[in-house]
Number of protein chains: 2
Amino acid sequence: DDEEPFFIYVVDEKDRLRGLVPLRKLITVPPNTAISAIMNRDVVSVTVDEDQEEVVNVIRRHDLPAVPVLDLDGRLVGRITHDDVADVIFEEADEDMLRMAGTDAAELERASSVRAARVRMTWLLPCLIGTAGTALVMALFRAPVGSANFGILILFAPMIMAMGGNSGIQASTIIIRGLATQEMAGQSVLLALRREAPIAVLVGLACGVVAGILAFAVVSLHGALGLQEMLNEPPADLHPTAVGVAVSLAMLLAILMAVGLGTFLPFGFRKVGIDPAIASGPLITTSNDVISVSIYLSIGLLTMSSLG
Amino acid sequence: DDEEPFFIYVVDEKDRLRGLVPLRKLITVPPNTAISAIMNRDVVSVTVDEDQEEVVNVIRRHDLPAVPVLDLDGRLVGRITHDDVADVIFEEADEDMLRMAGTDAAELERASSVRAARVRMTWLLPCLIGTAGTALVMALFRAPVGSANFGILILFAPMIMAMGGNSGIQASTIIIRGLATQEMAGQSVLLALRREAPIAVLVGLACGVVAGILAFAVVSLHGALGLQEMLNEPPADLHPTAVGVAVSLAMLLAILMAVGLGTFLPFGFRKVGIDPAIASGPLITTSNDVISVSIYLSIGLLTMSSLG
C-alpha cells in the first residue's frame, strides 16, 4: 500500500466494521492495551451505492482524511481518501461550468473535432431555433409598429435582451453555486426569491434609467446626423423621449423577469431531477430573449398608441 | 490539537524543518530506533508567501494529506491539511463561475441588497454602455441599407449575436477550466487554437446553413403573411434567398471570430496577470456583439450593392 493510512479499521470475523483507532492513539497508549478499549465505535462510513457528491459532503462535513466504504451487509470493502475528494470536487465544478456554457466534459474526452463539434451543436441548435423565434416575433411587430418606428425601436432590442440575459445569469449562478456547495440546499425557493427580489428591483431601476438615457442619446444622435432624412420614409412618430421611456420600462421588466426565472428555475430543475446548472445555460437565456423582446415591442406599441 | 496528525515533522534547534516521519513508520520500527535513521529528509513544503492555488496544486500533485508551511528562513510555522484544500478548490471554482457570470463572491458576504446590487452593477454597467455601442452601429447602418431592407436584415442580428456569444463562451469555458485544472497550464495558445479551429469551422458551417434556412423561412413567412404590404414603404430589395445567404455568411464569420477570441483571450489575460475567467464574462460577449453585428450589416450592404 503506497498510501498513508490514517486510521486502523477494526472488523469482526465477518468483515463487518466495528470501530476505528486513529494511528495517533495507537502510539500514545501503553503497548498492552486491548484494541476494543481504545477504538471509537461511532464510525462515519459510506455504502458502496452512495453518490460521489454525497460522499464528498460526508467527508467535508466531518473534516475526515478518509472514510470507510461498506457493502450493503456492513462489510468493509474499501476506503475513500482526501485526494479522491479533491478530484470529485474538481470534476463536479467542471461539470457545472461546462453545462452553464452549453457544452460538457464529453467533448474533452474525445480527440475528434467532429465529435466535439457535435457535442457543442446539441446545445447550439435548439438555441438557433429559439433565436429564429425572436426573429419571428420581431417580424410580426414590424407592420403594426410601422417601418420608421420599428427601425428606431429595434435598435435597443439587443440591449434589453443582453441585459436581461446577463442579470438572469448572475442570479442563477449564485443559486446554482449555493445549491452545489450545500449552502442553500435546505433553503426554500421562497427564501431565495426574497433575497433576489430587492436586488432585481435595484438593478432593474438602475439599468432602466441608464438604458433610457442611452436610448435617448442614440435616437437624438441618429436625428442630429440627418440619418432619418436620408431615408425615403415618413419620419418616425416616436420622439427620443418616448423611445427612452419605453426602453427604461422594458429594461426594468426584462430584468425582473430574468432574475425571477434565474432564481426559480435552478430549484425547479433540481426538484424534477435535472441538474440546476442547466438554468444558466444557453437554452434558458434564449427563452428569456423571446419573452423580453415581446415585452419591449408591446411596450413600444402601447407608447405609440398612447401618443397618437 | 483536534485534528489528526499524519506526519511527525522533525526540526533542528532553530526550528528549521529537517525531515518527516510518517506515523505508520513510527509504529512499525523497533522502539529504540533513532528518528534521524527513519526520517524522510526530502520533504515537500510550501512557504508562507505561496499563493493558495499553488499550495493546492502541490498537495494534489503529491497526493499529500498535509503539507508543512515554512517561513522565509525555513522555520516550520504550520501546516495545511487536506480539508483546507477542499475548501480552496470550492472557493476557486466559485470565484471562476461567479466571474464568468459577471458577479463575484463579495456580494454573498454582504447581507445588504444595495451592496449586492452594486457588485452586480459594476459588471452590468459597462455591458449596458457596450450594448449602446451595438445600437449606435445599427443606427449608422440604417440609412445606407435603407429602411425596408434594414427592417428585414435586422430581424436576424440577435440570432447572429446570440450564437456568436454562445459558441465563444463554449470555447472560452473549455480553455478557462483547462487552465484552472492545470491540464492546459503548460500548453501554448497555438496548440489550443489548433484544437479549436476545426471545431469552430464545423460549428460555424452547421449554424450558418441552419441560420440561412431559418432566415429564408422567416422572411418568406413575413412576405406570405402580407406584412410587407401593410407598411407604407417601398418593398425591400432583398429577396429571402439573399437574406439567407447574408445571414449564413455572417453567422460563420461571427462564430469563427467568437471562438477565436474565446480561445485566445484566456491565455492573453493570464499572461498579463488577469483572471482568465473574465474571458467568459459579459464584458467580452458584449464586445463580441458589437463586432458581429458590424460584420453582419456590412455583409448585408455588400449583398445589396452586388444585387443592384
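The structure we're discussing is the one just above.
Since we're looking at a predicted model, the values are computed, not measured.

J.: How should I be thinking about the overall build of chain A in this particular structure?
T.: Counting secondary structure elements, chain A contains eleven helices and five strands. Here the C-alpha radius of gyration of chain A, 29 Å, is well above what a compact globule of 308 residues would show, namely 19 Å. Principal-axis analysis of the C-alpha atoms places the extent of chain A at approximately 100 × 45 × 30 Å. Summarising the internal contacts of chain A: among those between residues at least 6 apart in sequence, 65% fall at separations of at least 24.

J.: Hey, could you run me through the relation of the copies chain A and chain B in this one?
T.: What relates the pair of chain copies is a rotation about an axis plus a shift along that axis. In screw terms, the move from chain A to chain B is a rotation of 180° and a rise of 0.1 Å along the axis, fitting with an RMSD of 0.3 Å. What the rotation and shift describe, once combined, is the action of a two-fold rotation axis. Here 100% of the contact residues of chain A are again contact residues in chain B; the copies associate through an equivalent surface.

J.: Would you explain the packing of helix H4 (residues 82-100) of chain A against helix H4 (residues 82-100) of chain B in this entry?
T.: Packed helices, taken two at a time, are described by their axes: the angle between them and the distance between them. Where H4 of chain A meets H4 of chain B, the axes come as close as 9 Å, and the angle between the chain directions of the two elements is 10°. One way to sum up the angle between H4 of chain A and H4 of chain B is to call them roughly parallel. Touching His82, Ala86, Ile89, Phe90, Ala93, Asp96, Met97 and Met100 of chain A of H4 of chain A are His82, Ala86, Ile89, Phe90, Ala93, Asp96, Met97 and Met100 of chain B, all from H4 of chain B. Taken together, the residues that form the contact of H4 of chain A with H4 of chain B break down as twelve nonpolar, two polar and two charged.

J.: Can you walk me through the nonpolar core in this structure?
T.: Where a protein is soluble and globular, its nonpolar side chains tend to be buried together. By size, the foremost hydrophobic cluster in this structure holds 97 residues, and its most contacted members are Phe156 of chain A together with Phe156 of chain B. The residues contacting Phe156 of chain B, other than those within four sequence positions of it, are Ala135 of chain A together with Ala215, Val218, Val219, Val243, Val247 and Tyr296 of chain B. In this structure, Val46 and Ile59 of chain A together with Val69 and Ile89 of chain B belong to the second largest nonpolar core, which totals 26 residues.

J.: Honestly, the sheet that holds strand E3 (residues 46-47) of chain B in this entry has me stumped. Any pointers?
T.: Hydrogen bonds between backbone groups are what pair the strands of a sheet, and the pairing can be parallel or antiparallel. Residue and element names in this part refer to chain B. With respect to topology, three strands assemble into an open sheet ordered E3-E4-E5, the strand pairing being mixed. This sheet does not close on itself; its edge strands, each paired only once, are E3 and strand E5 (76-81). By the bridge criterion, five bridges tie strand E4 (residues 66-70) to E5 in an arrangement that is antiparallel. Considered in E5, the bridge of Val67 is made with Ile80. Contacts from helix H3 (residues 52-62) reach E3, E4 and E5 within the one sheet, and its direction differs from that of E4 by about 135°.

J.: Would you mind going over the packing of aromatic side chains with me for this structure?
T.: Geometry of an aromatic ring pair is reported as the spacing of the ring centres plus the angle between the planes. Residue and element names in this part refer to chain A. All chains considered together, the criterion is met by two aromatic pairs over all chains. Judged by centre distance (6.3 Å) and plane angle (50°), the rings of Phe7 and Tyr9 are tilted. By the burial criterion, Phe7 is buried, and Tyr9 matches it.

How each quantity is defined
- Residues numbered from 1 in each chain as written.
- Chains lettered and ligands numbered in written order.
- Predicted model: local features only at pLDDT ≥ 70, side-chain atom pairs only at ≥ 80, totals over all residues.
- Heavy atoms only, no water.
- Helix = DSSP H or I, 4+ residues; strand = E, 2+ residues; numbered from the N terminus.
- Rg over C-alpha atoms; globule rule 2.2 N^0.38 Å.
- Contact = heavy atoms within 4.5 Å.
- Least-squares fit on C-alpha atoms with pLDDT ≥ 70 in both.
- Axes fitted to C-alpha atoms, helices over the stretch in contact; angles between N-to-C directions.
- Parallel < 35°, antiparallel > 145°, perpendicular 65-115°, else oblique.
- Nonpolar A, V, L, I, M, F, W, Y, C, P; charged D, E, K, R; others polar.
- Core = buried A, V, L, I, M, F, W, Y, C linked by side-chain atoms within 4.5 Å.
- Buried < 20%, exposed > 50% of the residue type's maximum accessible area, 1.4 Å probe, protein only.
- Pairing = 2+ DSSP bridges.
- Phe/Tyr/Trp six-rings, centres within 6.5 Å; stacked < 30°, edge-to-face > 60°.

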